[in-house]
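Coordinate analysis (summary)
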Amino acid sequence: YRTRGAITRALDPYVRASKVLLDEGRTIPSQLVEVERIKQRRNMLSFRHHFVAKSFLLLVEKLTRSGFHVARAVVVTYAIILAAALISSWCYANGHLVEKAASTHTPEFLALAYAADLVVPLLDIGQADAWTPTAPPQTPWRWLYFAWPALFSAVGVFMTTVIGAALAARVQTVFARTSE
């Protein structure tokens, strides 16, 4: 508890500076101060006691280096879609991705469309609804065959949120510049 208070007190000037800059309508410098605050907080945490928090802060820092960048978030999301397409293509080729229900309206399997349907929650192509993973009955890693779509969906929700925040920051910056 004492360490937590010390970290909060040490980061207090960053919070105040960011708030003052934001009140003045200077959003980009305010974001730069926030990024520096995140770096300082991450440096104050130890990996031994705060592994999850430090890893998450490192991920946020890498994705939002010097503010939110729409292009960086889109490229990372596209790379995630490609990784999901490679995995789903392998699963389909080996018989570990099958139709959910045998019907005449099941769309043809397209690995990239399936991956985009998994990763981007705003898209509804119908691929993720039509295909489901299966696993060999005697494998020790059976749960992994069913977990990877959920993992890619969760990462996709996170990246879509990052892209939305990046777009919102960009729009806010444009409006702040026009109001000056």
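Just above, that's the structure.
In this report, we go over the structure that sits alongside the text.

Digging into the overall build of the protein chain
In terms of helices and strands, the protein chain carries 7 helices and 2 strands. Seen in sequence order, the protein chain has helices and strands lined up from the N terminus as α-α-α-α-β-α-α-β-α. Split into buried and exposed, the 180 residues of the protein chain put 33% on the buried side. Looking at the protein chain alone, contacts between residues at least 24 apart form 58% of all its contacts between residues at least 6 apart. Looking at the protein chain as shown, the accessible area adds up to about 11,600 Å², and 65% of this sits on carbon and sulfur atoms.

Quick notes on the nonpolar core
Formed by 23 residues in total, the largest nonpolar core has its most connected members in L97, Y114, V119 and W148. Where this core is concerned, the elements lending two or more residues are α4 (70-93), α5 (111-119), α6 (127-130) and α7 (142-179). Other than its neighbours up to four places away in sequence, V119 contacts T77, I80, I81, A84, F152, G156, V157 and T160.

Quick look at the packing of aromatic side chains
Each aromatic ring pair is specified by the distance between its two centres and by the angle formed by the two planes. In the structure shown here, the tally under the stated rule is 6 aromatic pairs. An angle of 65° between the planes, with centres 6.2 Å apart, marks the rings of Y114 and W148 as edge-to-face. A residue pair is termed long-range when its members are at least 10 positions apart, and Y114 in helix α5 and W148 in helix α7 qualify at 34 residues. Comparing Y114 with W148 shows no difference in burial state: the two are buried. Seen in terms of ring centroids, W148 and F152 are 6.1 Å apart; in terms of plane orientation they differ by 80°. Their pairing is edge-to-face. Note that W148 and F152 are positioned in helix α7 at a spacing of 4 residues, about one turn of the helix. Ring-pair connections join several aromatic residues into one group, and the members of that group are Y92, F109, Y114, W131, W148 and F152.

Scoring rules and cut-offs
- Residues numbered from 1 in each chain as written.
- Predicted model: local features only at pLDDT ≥ 70, side-chain atom pairs only at ≥ 80, totals over all residues.
- Heavy atoms only, no water.
- Helix = DSSP H or I, 4+ residues; strand = E, 2+ residues; numbered from the N terminus.
- Buried < 20%, exposed > 50% of the residue type's maximum accessible area, 1.4 Å probe, protein only.
- Contact = heavy atoms within 4.5 Å.
- Areas by Shrake-Rupley, 256 points an atom, 1.4 Å probe, with all protein chains shown as cover.
- Core = buried A, V, L, I, M, F, W, Y, C linked by side-chain atoms within 4.5 Å.
- Phe/Tyr/Trp six-rings, centres within 6.5 Å; stacked < 30°, edge-to-face > 60°.

So, to be careful, I would describe these as geometric facts and stop short of saying anything about function.
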